[in-house]
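Report on the structure
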Amino acid sequence: MALRLPIRFPIDIIRIELQRYVKECAATLVDIPDAVTYLVTPFNVENNIDELKYLLNWSPATLSVALTFLNVPYVQSPLVAQFAIRTLRKFSPEAVVFYLPQLVQCLRHDHRGLLKRFLLNISKRSVMFAHQLIWTLRTEMIPSDYEETEHLKPADMEISSLCESLNAEVFKILDERQLALYEEEFGFFDQLNKISGDLIPVEKESRTMRLQEAMAIISTTANLYPPTDTRYQIIDFEPKGCITLKSAKKVPILVPFVVKERPRGLDIGQEFSEREKQVYAMTLPEVRNLIFKMGDDCRQDQLALQIISMFKQIFKRLELPLYLYPYRVITTGRDMGIIECVPNSKSRHDLGGVTEGDLYDYFIKKYGHENTIEFQQARKNFIESMAAYSVVSYILNIKDRHNGNLLVDEDGHLIHIDFGFIFDIAPGGNYGIEVRVPFKLTYEMLLLMGENVSKEKQQQAKQQSMIPTQNVSLSMDPSAHSVGFDVAEPIQAQDHSEPFNLFVDLVVRGFLASRDHMDSIVSIVEVMLQSELPCFKQDAIKNLKARFCADKPEKEAARFIREKVTASYQNIWSVVYDKYQQKFEGVMC
């Protein structure tokens, strides 16, 4: 209980006292994994205190703690590094693979080779892990024919060299069967990437036809699986369903794969038992649409969705009725990636083309009158997803939330996609329209939640959608200034509808739950700072912790996030941004 006090009461004196106590009683606390972070501090590591010797017998901690300890300044201690590797060994390959982007970044500090040996050992045992490691290494490796060398930094060259070395060693430890599985999987997907590249000089009107012709002569083999989701096996794909997508320079392609879930617990290429064959035969196939992108750095999307997956697990563990759909993204090379499509969903932009009116009108048309069970369930789904994504959008500072990046699925859930602007960047930079908005909460969203709102602000925004903002300097962190246009008084439950009050309650509960796991989320972001992704600026971690309201007790944090709901409520700048996107990009609003 004492170890959780700093979460509820983030006061320096409590943390300092706990650090002193753990240091003094280290010998008696080795069976408490959570206590290790109070012993392993930057000061204790730098001074190499004698009590670090107890790490040799300390109970393994969590994967996020292991990541932290494999990063500077902690990894400089051999005892801390050994403890981190021992912690990693406690987990299955399926658990460790989730953190591969961070583990590869930690190779920068692996001067003793402990992490490299761990990755090689686990790759030898698991074909799935070996393949995912190779994809991750290829992402950081700079090909000899790479054209955009002027954008490379010394950090890029450093990690590329380390990844090339480890990649070569991975192939040395693979046996003949494992190499055959590698060639089968990577050969197939490299073909698809080549097709995407070959379509660049083709006239736009002919690209889809040429794509379908090329796909018609490719065949699947027995052990293929979608790199985005190793639980499934590819049965076939639909050449006639393949299409090319719009892009300024490259040619992304969409391929519909027919897949079946493999029996659980089996590695890639592992033989089925007779019982497993029977179960597999009875498993119904399903279609998974994958988008193959070339020329785009998908690492930011991958990181955002990785963190969204963590939020989903937090909410699930606490049985909070909050819905997130972290679709899968995997980077497969330098500026290459595969993106899983969200099934049974349409963007808000596309809905505008099939239904006149707002979201409320769409829900009425699709699910029936407001009093029907179907409508009520769909609205509940909308609220639970809206609340979850509001928390995530604020904490990760997700921007570019136009209607092309918001999906609505068949059950009424709202789902966010495309995370090219997160943390410290936004369209327009420091002068961007969206930096004034904690998260999107517009007229039509409020109307669907039963709010008595008018279109007055929306009409006002339409008239002012060309307001110049280049002379207004704003912090990239929306928690740093008063957000909004005519910000309302703090929200009072009696002034609002029951569905909206449910939304606010879920936002507060989700925010407070995520605060309890702030260190885990911060740790994976902190490791990725070394990648120098464009989404990170100088104060990225400071701003992230500020959005978590890290230095305030729970009661103040609840008030803090309620203020963000107030600031977002029918915020005119959300509408201005939608109108801008409509005028210049053709995205309906």
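Note that this is a predicted model, so its numbers are computed, not measured. Within every chain, residues take consecutive numbers counted from 1 along the sequence as written. Reporting of local features is limited, given that this is a predicted model, to residues whose pLDDT is at least 70; pairs of side-chain atoms are given and counted only at 80 or more, and all residues count toward the totals for whole chains, interfaces and linings. The side-chain values count all of the structure's non-hydrogen atoms but skip hydrogen atoms and water molecules.

**Things to note about the overall build of the protein chain**
- For the purposes of this entry, the term helix denotes a DSSP run of H or I that reaches at least four residues, the term strand denotes a run of E that reaches at least two, and both are numbered from the N terminus. What the protein chain contains, in helices and strands, is 25 helices and nine strands.
- The reference for a compact globule is 2.2 Å times residues^0.38; the radius of gyration itself is calculated from the C-alpha atoms. The C-alpha radius of gyration of the protein chain comes to 25 Å, within 12% of the 25 Å expected for a compact globule of 589 residues.
- Counting every position in the protein chain, which comprises 589 residues, the buried fraction comes to 54%.
- Throughout, the Shrake-Rupley method with a 1.4 Å probe supplies accessible areas, and for residues the shown protein chains are the sole cover considered. By element, 51% of the accessible surface of the protein chain is carried by carbon and sulfur atoms, the whole surface being about 27300 Å².
- Each charge class in the protein chain can be summarised by its mean position, and for the 67 positive and 78 negative side chains these summaries are 2 Å apart. Whether a residue is buried, partly exposed or exposed follows from its accessible area with a 1.4 Å probe, protein chains only, as a fraction of its type maximum: under 20%, in between, or over 50%, in that order. For the purpose of counting charges, residues Lys and Arg are taken to be positive, whereas Asp and Glu are taken to be negative. His and the chain ends are not included. To locate a charge, the coordinates of NZ of Lys, CZ of Arg, CG of Asp or CD of Glu are taken.

**Here's the deal with the sheet that holds strand β8 (residues 406–409)**
- Pairing within the open sheet is antiparallel, and its three strands lie in the order β7-β8-β9. Strands at the two margins of the open sheet, each flanked by one partner only, are β7 (345–347) and β9 (414–416). Sheet twist, expressed as the average angle between the axes of neighbouring strands with direction ignored, equals 35°.
- In this sheet, β8 lies alongside β7 in antiparallel orientation, the contact comprising three bridges. Counterpart to S347 in the pairing with β8 is L407. Here, a strand pair is defined by DSSP locating no fewer than two bridges between the strands. In this analysis an axis means a line fitted to C-alpha atoms, helices contributing only their contacting stretch, and an angle means the value between N-to-C directions, from 0 to 180 degrees.

**Description of the nonpolar core**
- Grouping buried Ala, Val, Leu, Ile, Met, Phe, Trp, Tyr and Cys residues that are joined through side-chain atoms within 4.5 Å yields what is termed a nonpolar core. The biggest cluster of nonpolar side chains holds 174 residues, and the ones touching the most others in it are W58, F257 and F503.
- Whether two residues touch is decided by their heavy atoms; if any such pair falls within 4.5 Å, the residues are in contact. Beyond its immediate sequence surroundings of up to four residues, F257 is in contact with F188, F189, L192, I234, D236, F237, E286, V287, R288, L290 and F292.
- I433, I572, W573 and V576 belong to the second largest nonpolar core, which has six residues in total.

**Brief notes about the environment of A180**
- As for its placement among the helices and strands, A180 is situated in helix α12 (residues 176–198).
- Spatially, the C-alpha atom of A180 lies 9.9 Å from that of G269, the residues being 89 residues apart in sequence.

**A word on the confidence of the model for the protein chain**
- Confidence scores labelled pLDDT are given residue by residue by the predictor and lie between 0 and 100. Per-residue confidence for the protein chain gives a mean pLDDT of 88, with 90% of residues at or over 70.
- Here residues 463–488 scores under 50 on pLDDT; set against residues more than four positions off or in separate chains, the count is 66 contacts.

**What about the pairing of strand β5 (residues 329–333)?**
- Most of β5 is tucked away, with five of its five residues classed as buried.
- Here β5 pairs with strand β6 (residues 336–340) via four bridges, running antiparallel. The residue bridging G333 from the neighbouring strand is M336, located in β6.

**Overview of the pairing of β8**
- On β8, burial covers both faces: L406 and V408 on one face and L407 and D409 on the other are all buried.
- Bridge count between β8 and β9: three bridges; the pairing is antiparallel. Counterpart to V408 in the pairing with β9 is L414.
- Where β8 folds back onto β9 in an antiparallel hairpin, the turn is made up of four residues, including G412, whose phi is positive at roughly 95°.

**Comments concerning the side chain of R138**
- Note that R138 resides in helix α10 (residues 127–140).
- Non-local contacts of R138, meaning those with residues more than four positions away in its chain, are made with Y182, F186, D190, T332, G333 and R334.

**Quick notes on helix α23 (residues 540–547)**
- Turning to α23, its buried residues are A540, I541, N543, L544 and R547. For α23, the angular spread of buried residues about the axis comes to 160°, placing them on one side.
- Here the buried face of α23 lies against α18 (373–396), α21 (498–515), α22 (518–528) and α24 (554–568). Here, the arc refers to the directions that run from the helix axis to the C-beta atoms.

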